[in-house]
Amino acid sequence: MPNRSMGEEATKTIQTRLHVASGDRSWLHDARLAAREIFNQTIRLKQQGYTRTEIQKEVDRDDFLRNNKCAVVGKALQTWDSYQSLLDWWENQDGPDGGKPTPPSTDKTGAYPLVMAHTEGYRLTVDDDTNRVQFRISPKPYKKVKGHLRGEPDAMDELRDALTSNEVDVGQAELLYRDGVYYLHVSVTRELDVPEPDTSDTLVGVDINERNVALTALDRETMRTKGTLVLDYGQVKQERQRYHTITTRCQEHGKTSIHRKLGDKEERFTEWVMHRLSGAVVEFAEQFSNPVIVFEDMSGIRDEIKYGTYMNRRLHKLPFHKFEKFVSYKATWREIPTDTVDVYYNSQTCSCCGEHGYRQGRRFRCTNDECDVVQDHADRNASVNIAWRETAKLDGNESNYRTHKTQPQVRLVRLSGSGRVSRPTSSRSLAEQGVLAHG
């Protein structure tokens, strides 16, 4: 039996739609407006130095369920903590640029997600006769909105399993509204037995930069390449640069409200991209036997980078840590382990012979005349090195772990900044593009 790390918790969000059967839909809208007021007031009080307990007392109101109030305050304080972390980083830079982080807005008037705890602000049950997931939401004291949930078949099956299992906890949910439809995003948590990395049969090296995520799966015993894939999201970088240019001009002209809206839009856009890419990475790894997903250890590396203002902003604003975090939690849910290896010279070392080469843009060139590799995709070359470094780390062979074999042709899939993929469209079909045909 493989060694496993027992009792590791993982949380995921299941997205569903509301079909309202009874109750007034306007109650849901009113509650979301009240949630916005509570959010704004929480941030203002936090800026004045109030503690969480003091804030809870100050924002109490008769038209809002107390448990829902506590959940909204908690979400607002998480937003404040994220801002403080970003501000601390910005202030510690040697030459910070003009994009100083701005605090969360306290003057927005639109609706805010209604955050609720299960069995208190909302309750879900499975109907024995129809197999539907029934909901009861309490947007106001003594006011109930009831109906059933709809969603993708796999998502609904997963939610039913969570509601009927003693091993899964149903947690907070967020009520959102978009294009005339109410959505309920439900978080579920379970304990998983994730294998230790040293039990793996397949090593999936992941190299990420501001343009590509490169993946290579190697068989641990034979070092044969099982699959290789490069996800190109270069248009995402262009989109982020566009947001930065517009928000900088807004700041210069004192248009703070527009600046905040664009900042929120950029954050949502980046979040979408990170979820899409991380999902494709896990789907790619899941296709192989006993995989481990391996990243470069980036801790401390970016803090050592001393470039100019433009490059510092590009490098330090890239959400590498968030991407790795997304991949890790999605991998944990699939009981796939993750690991890290040393970062140095992965993109400048030939994955075939191990000699130091050089890269020109996306091309890596090996300077060893006796090596079979003339050139390779630079990021894919780095992902192979990451996988090989994991072999050396796990098997204790730090000197001779290369196979002196060239890699198959890289498969490149582009993810566009508009939210559309050239083809294929799903994370699974994205991942399948990189699996080699041979057995």
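Keep in mind that what you see is a predicted model, and the values were worked out from it rather than measured.

What counts, and where the lines are drawn
Residues numbered from 1 in each chain as written. Predicted model: local features only at pLDDT ≥ 70, side-chain atom pairs only at ≥ 80, totals over all residues. Heavy atoms only, no water. Helix = DSSP H or I, 4+ residues; strand = E, 2+ residues; numbered from the N terminus. Expected span 1.5 Å × (residues − 1). Buried < 20%, exposed > 50% of the residue type's maximum accessible area, 1.4 Å probe, protein only. pLDDT = per-residue confidence, 0-100. Contact = heavy atoms within 4.5 Å. Salt bridge = Lys/Arg side-chain N within 4 Å of Asp/Glu carboxyl O. Phe/Tyr/Trp six-rings, centres within 6.5 Å; stacked < 30°, edge-to-face > 60°. Lys NZ or Arg CZ within 6 Å of the ring centre and 35° of its normal. Pairing = 2+ DSSP bridges. Axes fitted to C-alpha atoms, helices over the stretch in contact; angles between N-to-C directions.

1. Considering helix H8 (residues 320–333)
For H8, built from 14 residues, the straight-helix expectation of 20 Å at 1.5 Å per residue is met to within 8% by its first-to-last C-alpha distance of 20 Å. Of the residues making up H8, those classed as buried are Phe320, Phe323, Phe326, Val327, Ser328, Lys330, Ala331, Thr332 and Trp333. Positive phi shows up at Glu335, right after H8, with a value of about 60°.

2. Notes on the confidence of the model for the protein
Residues at a pLDDT of 70 or more form 74% of the protein, whose mean pLDDT is 81. Below pLDDT 50 for its whole length, residues 301–316 participates in 27 contacts with residues either more than four positions away or in separate chains. In the predicted structure, residues 417–425 sits below a pLDDT of 50 and forms 20 contacts with residues beyond four places in sequence or in another chain.

3. A word on the pattern of salt bridges
Following the criterion strictly, the structure yields 15 salt bridges and no others. Its salt-bridge partner being Asp60, residue Arg66 comes within 3.2 Å of it at the nearest N-O pair. Across the salt bridge formed by Glu283 and Arg334, the nearest N and O atoms sit 3.5 Å from each other. Residue Glu283 is found in helix H6 (residues 256–286), and its partner Arg334 is found in the loop between H8 and strand E12 (338–341); the two are separated by 51 residues along the sequence. Through salt bridges with shared partners, one network takes in Glu37, Arg61 and Asp63.

4. Points about the environment of Glu167
The residue Glu167 is located in the loop between helix H4 (153–164) and strand E6 (168–178) in this model. A sequence separation of 24 residues divides Glu167 from Glu191, and the C-alpha atoms of the two residues are 7.1 Å apart. Ignoring any residue separated from it by four or fewer positions in sequence, one finds Glu167 in contact with Thr189, Arg190 and Glu191.

5. Thoughts on the packing of aromatic side chains
The tally for this structure, following the rule as stated, stands at five aromatic pairs. One cation-aromatic arrangement involves Arg178 over Tyr183; the distance from NZ or CZ to the ring centre is 4.5 Å. A cation over a ring is seen here: Arg190 above Trp333, with NZ or CZ 5.7 Å from the ring centre.

6. Description of the sheet that holds strand E14 (residues 363–365)
Spatial ordering of the open sheet is given by E13-E14-E15, a layout of three strands whose pairing is antiparallel. In the strand order of this sheet, the two ends are held by strand E13 (358–360) and strand E15 (375–377), each with one partner. Neighbour-to-neighbour, the strand axes of this sheet turn through a mean angle of 30°, independent of strand direction. Its contacts with the sheet put helix H9 (residues 378–395) on E13, E14 and E15, and the angle it makes with E15 is roughly 85°.

7. Let's talk about the pairing of strand E11 (residues 291–296)
Counting buried positions over the six residues of E11 gives six, a clear majority of the element. Of the two faces of E11, the one carrying Pro291, Ile293 and Phe295 and the one carrying Val292, Val294 and Glu296 are both buried. Examined bridge by bridge, strand E8 (residues 202–208) and E11 share four bridges and lie parallel to one another. Of the residues in E11, the one forming a bridge with Gly205 is Val294. In this structure, E11 lies alongside E12, joined through four bridges in parallel fashion. Within E12, the position partnered with Phe295 by the bridge is Thr340.

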